[in-house]
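Listed below are the residues making up each chain.
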Amino acid sequence: MKHTDVIVSKDYRKLLSQRTPMIDVRAPVEFAKGALPSAVNLPFINDEERHLIGICYKEKGQQAAIDLGHRLVNGDNKKGRVRAWQQFLERHPNALLYCARGGLRSQLSQQWLVDSGINCPRIEGGYKSLRTFLLSYLDESCQTENFSLLSGMTGTGKTDIIKTLNTSIDLEGHANHKGSSFGRPLTEQPTQSDFENNLALALLEMRENHPGQRIILEDESRNIGGRHLPEVLNVAMAASDMVVIDLSVEERIEKLWQEYVIERYADTIAHHQGQHENSGEDAFSDYLIDSLLRVKKRLGSQRTNEILALMKAAIQRQHTDNFSSHRDWLRAITVDYYDPMYLYQLEKRKERVVFRGDHESVIQWLQENT
């Protein structure tokens, strides 16, 4: 096999920034723990085969494990896997393949494809080396890039602005979580590894497409739901300038009502369509109550119970008052919990604020100063 059939580390940046299609031949359980967004999982061995080969390796050594692998993946089994790779390569002729560390699985996968008349380069070092590159790039970028944080009270529409800018990275989007107790998604958050990989790729693409420009991030705490910002990014954000959105309480309540009630209800009903008749209604009610109880410690038992009463009353009459009563508990938790917490945090960082204003003026300032 020629050396040109192996993609070496000096090429990682280009293939990652261009989102080159990749075949990940690791077992599904490995892929689920962490992968690349441009990769598809077409395994060389499945989870059960990997488990059996692993036991054999521990008990009898490498050669016995290799021999078992050949027995497990043979005949029609082998043909089916090669066919899956071929079909992907027909659609993506520039694709590459990799395994965990660039070892036997990717080498054999590549050879089987060569035997079928197709040459597909494999990546030196496999997924481990690609991830090491991304983490190193993330570390380097956080120390060299200029960031600005977009801040504002809950309901000021920070994410809306983030999505309009060419030089922004949507941290909540990558984490699949809106940041607050009420921001939990209907679908799972990515693994921590996938979250980190995607952040590194976003920074890489930002530098490729907008070199030297300031990168806008939403003002986030270290944790976004069950995912946490890499420490190096957290440190960089703690030293970054801040731009603050000012919006009236009424406008913020309307935004929160639309997002946490109207849109969430519709999404929940759609998500549970086809299940038990009231499953969507029950899930929406459970989501609201559970979200409130998650902040009970900070609110205190008495205030939590008062807001919970407002919430339960709103749930009972939401189909008769067009969900209007939900604004009552939203106002209470915003004014009593979110606003004081935000103002306390902002006061400690007020020297970092370089601009503040409404949506239009904030967008204009960011576009002119990035």
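Look above for the structure.
Let me sum up the structure you'll find in this document. The model shown is predicted, which means the values in this text are computed figures rather than measured ones.

What follows deals with the packing of aromatic side chains. Under the criterion given, the structure shown has 13 aromatic pairs. Taken together, a centroid distance of 6.3 Å and an interplanar angle of 25 degrees make the contact between F133 and Y137 stacked. A residue pair is termed a helical-turn pair when its members lie 3 or 4 positions apart in one helix, as F133 and Y137 do in helix α7 (residues 126-144) at 4 residues. Note on Y137: relative accessible area 4%, which makes it buried. Aromatic pair F355 and W365: ring centres 5.5 Å apart, planes at 10 degrees, arrangement stacked. With F355 in strand β12 (residues 353-357) and W365 in helix α17 (residues 359-368), this residue pair connects regions lying 10 residues apart in the sequence. One aromatic cluster is present, built from ring pairs that chain together F182, Y260, Y265, F284, Y287, F323 and W329. The cationic tip of R26 hangs over the ring face of Y127; the distance from NZ or CZ to the ring centre is 4.1 Å. Lying across the ring of W257, R327 places its NZ or CZ 3.8 Å from the centre.

Taken in spatial order, the 5 strands make up an open sheet running β7-β8-β6-β11-β12, and their pairing is parallel. Looking at the sheet topology across the chains shown, the edges are occupied by β7 (168-169) and β12.

This brings us to helix α16 (residues 326-348). Taking 1.5 Å of rise per residue, the 23 residues of α16 would be expected to cover 33 Å, and the 32 Å separating its terminal C-alpha atoms lies within 8% of that figure. Taken as a whole, α16 carries its principal kink of about 40 degrees at T334. Every buried residue of α16 is listed here: H326, W329, L330, A332, I333, T334, Y337, Y338, D339, Y342 and L346.

Before going further, it helps to spend a moment on the pattern of salt bridges. A side chain with one charge may pair with a side chain of the opposite charge, provided their charged atoms come close. On inspection of all chains with the given rule, the structure shows 24 salt bridges. With a closest N to O distance of 3.9 Å, D321 and R317 form a salt bridge. Where salt bridges share partners, they join E30, R50 and R105 into one cluster.

Turning to the side chain of Q318, a few remarks are in order. As for its position among the elements, Q318 is in the loop between α15 (301-317) and α16. A distance of 2.8 Å separates polar atoms of two side chains, one belonging to Q318 and the other to H326.

All right, on to α7 then. Between its first and last C-alpha, α7 extends 27 Å over 19 residues, near the 27 Å set by a 1.5 Å rise per residue. Where α7 is concerned, the buried positions are G126, Y127, L130, R131, L134, Y137, L138, S141 and C142. Axial view of α7: buried residues confined to an arc of 145 degrees, hence all on one face.

The residue N198 is located in helix α10 (residues 192-209) in this model. When neighbours within four sequence positions are excluded, N198 is seen to be in contact with P37 and H174.

A few words on the packing of helix α12 (residues 249-271) against helix α13 (residues 279-293). At their nearest, the axes of α12 and α13 sit 9 Å apart, and the two run at 140 degrees to each other. Taken together, the axes of α12 and α13 are oblique relative to one another. Relative to α13, the crossing made by α12 is right-handed. For the pair formed by α12 and α13, the contact residues are Y260, V261, R264, Y265, T268 and I269 on the first element and G280, E281, A283, F284, Y287 and L288 on the second. Split by residue class, the contact of α12 with α13 holds 8 nonpolar, 2 polar and 2 charged.

Rules and cut-offs
Residues numbered from 1 in each chain as written. Predicted model: local features only at pLDDT ≥ 70, side-chain atom pairs only at ≥ 80, totals over all residues. Heavy atoms only, no water. Phe/Tyr/Trp six-rings, centres within 6.5 Å; stacked < 30°, edge-to-face > 60°. Helix = DSSP H or I, 4+ residues; strand = E, 2+ residues; numbered from the N terminus. Buried < 20%, exposed > 50% of the residue type's maximum accessible area, 1.4 Å probe, protein only. Lys NZ or Arg CZ within 6 Å of the ring centre and 35° of its normal. Pairing = 2+ DSSP bridges. Expected span 1.5 Å × (residues − 1). Bend = angle between axes of the 7 residues up to and from the residue. Salt bridge = Lys/Arg side-chain N within 4 Å of Asp/Glu carboxyl O. Polar contact = N/O pair within 3.5 Å; in protein donor to acceptor, adjacent residues only side chain to side chain. Arc of directions from axis to C-beta. Contact = heavy atoms within 4.5 Å. Axes fitted to C-alpha atoms, helices over the stretch in contact; angles between N-to-C directions. Parallel < 35°, antiparallel > 145°, perpendicular 65-115°, else oblique. Left-handed = near helix turned anticlockwise from the far one by under 90°. Nonpolar A, V, L, I, M, F, W, Y, C, P; charged D, E, K, R; others polar.

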